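As a plain string of letters, each chain reads:
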Amino acid sequence: MKGLIAMSLENPQRRVFLQAAALAGGGFVIGIAPREAGAADAAPAVLNPFVRVNADNTVTVIVKHVEMGQGTYTGMPTLVAEEMDADWAQIRVEGAPADAKLYNNLAFGPMQGTGGSTAMANSWTQLRMAGAAARAMLVAAAAEKWKVPADSIAVSNGVLTHRATGRRLGFGALAADAARQPLPADIRLKEPKDFKLIGKRLARKDGRDKTNGSAKFTSDVKLPGMLTALVAHPPRFGATVKSFNASKTIMVKGVVEVVRIPSGVAVLARDFWSAKQGRDALLVEWDESAANRLGSTEILDQYRALAAKPGAVARSEGNAADALAGAAKRIDAAYEFPFLAHAPMEPMDCVVKFDGDRCEVWSGEQFQTVDQAAIAGVLGLKPEQVSINMLYAGGSFGRRANPVADFSVEAAQIAKAIRGQSPVKLVWTREDDMRGGYYRPLYLHTLSAGLDAGGNITAWQHRIVGQSIVAGTAFEGMLVKDGIDPTSVEGASTLPYAIPNLLVDLHTTKIGVPVLWWRSVGSTHTAFSTETFLDELAAAAGRDPLEFRRALLAKHPRHLGVLNLAAEKAGWGKPLANIRDQARGRGLAVHESFHTFVAQVAEVSVGKDGALKVDRVVCAVDCGVAVNPDVIRAQMEGAIGFGLSAALHGAITLKDGVVEQSNFHNYAPLRINEMPRVEVYIVDSSEQPTGVGEPGLPPVAPAVANAIHAATGKRLRNLPLRLTA
Amino acid sequence: MAKLIVNGRLREADVAPDTPLLWALRDHLELTGTKYGCGMALCGACTVHIDGVATRSCVTPVSAVAGKKITTIEAVGATRAGRAVQTAWEKLDVVQCGYCQSGQIMSAAALLAKKPQPSDADIDAAMTGNICRCATYVRIRAAIKTAARLAEGAA
């Protein structure tokens, strides 16, 4: 979704906050019970769509972005608390109900959604406005009560004080009166020098619930009379149900009903285990006439043939073909990237309660209003008749941001098939999840470059072959321009290096395997091919990889900033400590994604048997203002681990159209014994903050591959990295 | 009807003897802190203690734990090691999505109960069965060491 973020969100964020607050204001004020201010049982006072002050002196911040681990339930309230001058301990967090008007994502709406590392960037002004407006209304209420001018009142740590007399009141005591105040005409935001919370390490708001087992995920929802549904899906994408025999299934104790739905056959039971056993006993005959039967090998063969021909141009400067023909030295390389499953720890699930003219949903979704509309469509309702309770997502990495809302639609189809007789909890098993598609697409890249006699890059030609993530979805019209899906080429088409003749082109393929964005999207593959190829060119030119990059980045100070910081902290150029019987090497990579800049230096050891260990990763990040440095560090650490899973192990392969992997034994995520030491350094910056959920991932695989080359002289161009046969 | 001693109480769950303990806990005893992740003892999200030993409840039939003491994430804070681990987890803000963390904490608490001062190798051996897709491993390692110090201080 890179490129969708307006260069400055400042004005839209202000405008939208004011519109939303005005729109919501009247209705919310009516909702406040006319009680004595400060009464312990007073109703909460809604000051605007993002801020509710409760009589018990807590403040509830309504967060429009799902918490899937990336820290939105900590970062978003920090912005509100800062401008309100609230005490961090009094802040509570609640997920927003699905509402595209009030909770639009200002970076890529009109829709409520979380993705493209936009949460902080699109909320930075909006939520500070919300906090500042709430503060002004509390001050106005106190001024009225004390009959003193507003500017004689100070606010600190959730307490309003009249400076001259020392009179004090907490937020809670003034909540109801504050809600009756008009929205202030002029909302002023703090100067950065006055920040008390932004830039500090504040404890995560979800830290306790997630360590004592009380945090609620979709899979934990239990409603009276609820049935658990498992669905038998076809073994090949594009197949449909021809017929089924449930005679053994209905004999399983606990199984209540078996229904056919568009995506398969659903078994509903009183609990998971009964539904699972019922599904195991089900016999389904599939109509595979329209099914995909291609395997990964055949797909790659097709892609290799396509790569021999020019594609649609994504970026062209100078004349790459001529410059390549006239180069003193030419280097060519090809790179292969497999399909990847997101495999979040919580497999896909969704709870739906359908009452004929209303539907209530429980889920941890990234695209709330997309799901809302899709579910409404299935049930013949209007979107506003579908309400969504936003729960924690047990990981997502893009999987719960599906433009076609696959599993939410499936849950609604089941509810429809049983005419809403019972609430339904759809649960996918790990195997369903692993084989359920919506993968990071398989890609083939070819790169060619020319060097002059002095070792300078004169030509760069980069061709990418693969499926479009947005083709056939509502995002296609919004994103695809001149036949280029930017999510296929981002990172390659935005190459920052100063190269006079440069061509990036794309073949968009149509393959019957469902694909989706996967943490850092296009940069999952473009960072690898560009940053390892650049290392090859540096070696061919006889130059140090760091110096080689520096010379090409003169016009990109933020790339340079992280590159220099990571290199310095890693001790670039200094010898690595010897480890007995191990070849050691250091490699680096730098990449911008979602307007955040990250450089990493990896240190590896390679044994005589080819066993690879990543020992240490030094990471430097520039994401503008560091709102919560500890969350930023956590996201860098996590993205490095997630990226290493793909670099070292990850591959979904198809054979005759059937996915060969099924669970964590043959789709192996990184485990703790493989996790390197990680050091994170944050560039001090006053730029507007940008996201950190994804940008830590792209540099790690190329940094490791470059380190392997430094250690062994071997160039690995395919992921996952394989040193042994 | 399975009779189980869970978190110090005798509980009854209306499930067949071959039902995995995980589903008896989650669907019948309202103890949803223990999570389903793989169903094959590959990820550790379902880890509970059986007589103090970290055990994957997704492959443990209820018939195998009759009469044994089952402890879940909801009650592990009552043990010294469990309390120390939870405190350290919060202190270091280990969690991200949080889904695997019940299992991580149960494995870590069992480790510390057995080895109060674990080495890196001990941590690897005890924790490699617990997958975290958010890759919070750097902090898990640090938090176990912090918990070891906390538990020692509380002794």
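Residues numbered from 1 in each chain as written. Chains lettered and ligands numbered in written order. Predicted model: local features only at pLDDT ≥ 70, side-chain atom pairs only at ≥ 80, totals over all residues. Heavy atoms only, no water.

Peer 1: Outline the overall build of chain A, listing residues and values.
Peer 2: The helix and strand inventory of chain A stands at 17 helices and 27 strands. Taking 27 Å as the expected radius of gyration for a compact globule of 725 residues, we find that chain A reaches 27 Å, a close match to that expectation. Dimensions of chain A, computed from the C-alpha atoms along their principal axes, are close to 80 × 70 × 50 Å. Out of the 725 residues belonging to chain A, those deemed buried represent 64%. Split by element, the accessible area of chain A, about 25700 Å² in all, is 52% carbon and sulfur. (Helix = DSSP H or I, 4+ residues; strand = E, 2+ residues; numbered from the N terminus. Rg over C-alpha atoms; globule rule 2.2 N^0.38 Å. Buried < 20%, exposed > 50% of the residue type's maximum accessible area, 1.4 Å probe, protein only. Areas by Shrake-Rupley, 256 points an atom, 1.4 Å probe, with all protein chains shown as cover.)

Peer 1: Mind laying out the confidence of the model for chain A, listing which residues take part and the relevant values?
Peer 2: Residue and element names in this part refer to chain A. Per-residue confidence for chain A gives a mean pLDDT of 94; residues scoring 70 or more make up 94%. Scored below 50 in pLDDT, residues 1-8 shows 21 contacts in the model against residues more than four places distant or in partner chains. Predicted confidence is poor over residues 25-41, with pLDDT under 50, and the contacts of this stretch with residues over four places away or in other chains come to 20 contacts. (pLDDT = per-residue confidence, 0-100. Contact = heavy atoms within 4.5 Å.)

Peer 1: Can you lay out helix α14 (residues 545-552) of chain A for me, pointing to particular residues and giving the numbers?
Peer 2: All names here are of chain A. Among all positions in α14, only P545, L546, F548, R549 and L552 are buried. One side of α14 holds all its buried residues, which, seen down the axis, span an arc of 165 degrees. The inward-facing, buried residues of α14 abut β20 (457-467), α13 (523-540), α15 (557-570), β22 (582-593) and α17 (700-712). One side-chain oxygen at the N-terminal end of α14 lies 3.0 Å from the backbone nitrogen of L546; it belongs to D544. (Arc of directions from axis to C-beta. Polar contact = N/O pair within 3.5 Å; in protein donor to acceptor, adjacent residues only side chain to side chain.)

Peer 1: Explain the interface of chain B and chain A residue by residue, including any values.
Peer 2: Contact residues are listed per partner, giving 51 residues for chain B and 61 residues for chain A. Interface area, chain B with chain A, both sides summed: about 4600 Å², of which 54% is carbon and sulfur. B:K35 serves as the salt-bridge partner of A:D220, at 2.6 Å between the closest nitrogen and oxygen. There are 28 residue pairs in polar contact (both at pLDDT 80 or more) connecting chain B and chain A. For the side of chain B that touches chain A, the secondary structure elements donating two or more residues are α1 (21-28), α2 (80-91), α3 (101-114), α4 (120-127) and α5 (137-154) of chain B. Considering only residue class, the side of chain B that touches chain A consists of 24 nonpolar, 13 polar and 14 charged. (Buried area = accessible area lost by both parts, 1.4 Å probe. Salt bridge = Lys/Arg side-chain N within 4 Å of Asp/Glu carboxyl O. Nonpolar A, V, L, I, M, F, W, Y, C, P; charged D, E, K, R; others polar.)

Peer 1: Describe the domain arrangement of chain A, and please don't skip the residues or the numbers.
Peer 2: Residues and elements named next belong to chain A. Domain annotation of chain A identifies domain 1 (3-212), domain 2 (218-289 + 348-427) and domain 3 (296-339 + 439-712). The C-alpha-based centres of domain 1 and domain 3 are spaced at 39 Å. In this complex, domain 1 contributes 25 residues to the contact, which on the side of domain 3 involves 21 residues. Of the roughly 1800 Å² buried between domain 1 and domain 3, counting both surfaces, carbon and sulfur atoms make up 62%. The largest per-residue losses of area from domain 1 upon contact with domain 3 belong to S117, W124 and R201, which jointly make up 27% of the total buried on that side. Linking domain 1 with domain 3 are 1 salt bridge, by the criterion used here. (Domains from an automatic or database assignment.)

Peer 1: So what's going on with the packing of α13(A) against α17(A)? Which residues, and what values?
Peer 2: Residues and elements named next belong to chain A. Relative to each other, α13 and α17 sit at 30 degrees, their axes nearing to 8 Å. Between α13 and α17, the crossing angle belongs to the class labelled roughly parallel. Seen from above, α13 lies across α17 with right-handed handedness. Of the residues in α17, those touching α13 at A527, F528, E531, T532 and D535 are A701, P702, A705 and N706. In terms of residue class, the contact of α13 with α17 is made up of 5 nonpolar, 2 polar and 2 charged. (Axes fitted to C-alpha atoms, helices over the stretch in contact; angles between N-to-C directions. Parallel < 35°, antiparallel > 145°, perpendicular 65-115°, else oblique. Left-handed = near helix turned anticlockwise from the far one by under 90°.)

Peer 1: Outline the domain arrangement of chain B, listing residues and values.
Peer 2: Residue and element names in this part refer to chain B. If you check the domain split of chain B, you get domain 1 (2-71) and domain 2 (77-151). For domain 1 versus domain 2, the separation of C-alpha centres amounts to 20 Å. Both faces combined, the contact of domain 1 with domain 2 buries some 980 Å², and carbon together with sulfur accounts for 55% of it. At the junction of domain 1 and domain 2, the tally comes to 0 salt bridges. The interface formed by domain 1 and domain 2 includes 6 residue pairs in polar contact (both at pLDDT 80 or more).

Peer 1: Residue-level account of the pairing of strand β1 (residues 2-6) of chain B, with values.
Peer 2: All names here are of chain B. Burial along β1 is one-sided: the residues A2, L4 and V6 are buried and none of K3 and I5 is. Bridge count for β1 against strand β2 (residues 9-13) is 5 bridges, and the pairing is antiparallel. Looking at β2, one finds that L4 is bridged to R11. (Pairing = 2+ DSSP bridges.)

Peer 1: Please set out the pattern of salt bridges residue by residue, giving values where relevant.
Peer 2: Scanning all chains against the criterion turns up 57 salt bridges over all chains. Each of A:R201, A:D630, A:R633, A:E637, B:D93 and B:R139 takes part in one network of salt bridges that share partners.

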